[in-house]
Amino acid sequence: MLRLANLTLLILFPIAWFAPLLRAGLLPLFGLSEISVISGLQSLWESDVALALLVTFLAGFAPYLKTIGLALIHFGLLRRKVLPVLHILGKLAMADVFLIALYIVIVKGVGLATVETAWGLYLFTGCILVSNLISYLTEKRARSTKRHG
């Protein structure tokens, strides 16, 4: 079951990257533009390369590498000793969700812009949380196998 759930994340993460995270616009009078992880990264690359590199790692590479690493463990192609590293990657991916939430709170607090969360934010957050749950259950299974085996 863990294998299937984890492999599903390999499909859901790319969908979440292109899905609208939020809709934002200047003042309530103007239309709202949808912002996804990918469109946000495109804007960042034009304005702040260092932040773009950080967010690219947190939003894309960290969760996807973790998911691939867990899949390799599930299929016996990677040693379970790597689980602590994968756990750290999961925490880094959660930092990205925190940054997005923080940006939403800051923009809403300024009052000059309208910001609405969109379904992609929930999908992306859900993917990260499910990935962390799969990681936890994989570690738990590894510990019980070690004790009994």
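Residues numbered from 1 in each chain as written. Predicted model: local features only at pLDDT ≥ 70, side-chain atom pairs only at ≥ 80, totals over all residues. Heavy atoms only, no water.

Now for the overall build of the protein chain. Summing up its helical and strand segments, the protein chain has five helices and three strands in all. N-terminal to C-terminal, the α/β element order of the protein chain is α-β-β-α-α-α-β-α. Across the 149 residues that make up the protein chain, the buried fraction comes to 36%. For the protein chain, restricting intrachain contacts to residue pairs at least 6 apart in sequence, the fraction spanning at least 24 positions comes to 68%. For the protein chain, the accessible area works out to roughly 8,800 Å², and carbon and sulfur atoms hold 72% of it. (Helix = DSSP H or I, 4+ residues; strand = E, 2+ residues; numbered from the N terminus. Buried < 20%, exposed > 50% of the residue type's maximum accessible area, 1.4 Å probe, protein only. Contact = heavy atoms within 4.5 Å. Areas by Shrake-Rupley, 256 points an atom, 1.4 Å probe, with all protein chains shown as cover.)

Throughout the structure, instances matching the rule amount to one salt bridge. The partner of Arg23 in a salt bridge is Glu34, with the nearest N and O atoms 3.3 Å apart. Placement of Arg23 in strand S1 (residues 20-26) and of Glu34 in strand S2 (residues 33-36) is noted, with a sequence separation of 11 residues between them. Taking the relative accessible area as the measure of exposure, Arg23 reaches 24% and is therefore partly exposed. (Salt bridge = Lys/Arg side-chain N within 4 Å of Asp/Glu carboxyl O.)

Let's shift gears to the confidence of the model for the protein chain. The predicted model of the protein chain has a mean per-residue pLDDT of 86, with 89% of residues at 70 or higher. Averaged pLDDT values over the elements of the protein chain bottom out at 78 in helix H4 (residues 83-110) and peak at 96 in helix H1 (residues 2-18). (pLDDT = per-residue confidence, 0-100.)

In total, this model carries three aromatic pairs according to the counting rule given. Taking the centre distance of 6.4 Å and the plane angle of 25° together, the rings of Phe13 and Trp17 count as stacked. Placement of both Phe13 and Trp17 in helix H1 is noted, with a separation of four residues, approximately one turn of the helix. By relative accessible area, which is 0% here, Phe13 ends up buried. (Phe/Tyr/Trp six-rings, centres within 6.5 Å; stacked < 30°, edge-to-face > 60°.)

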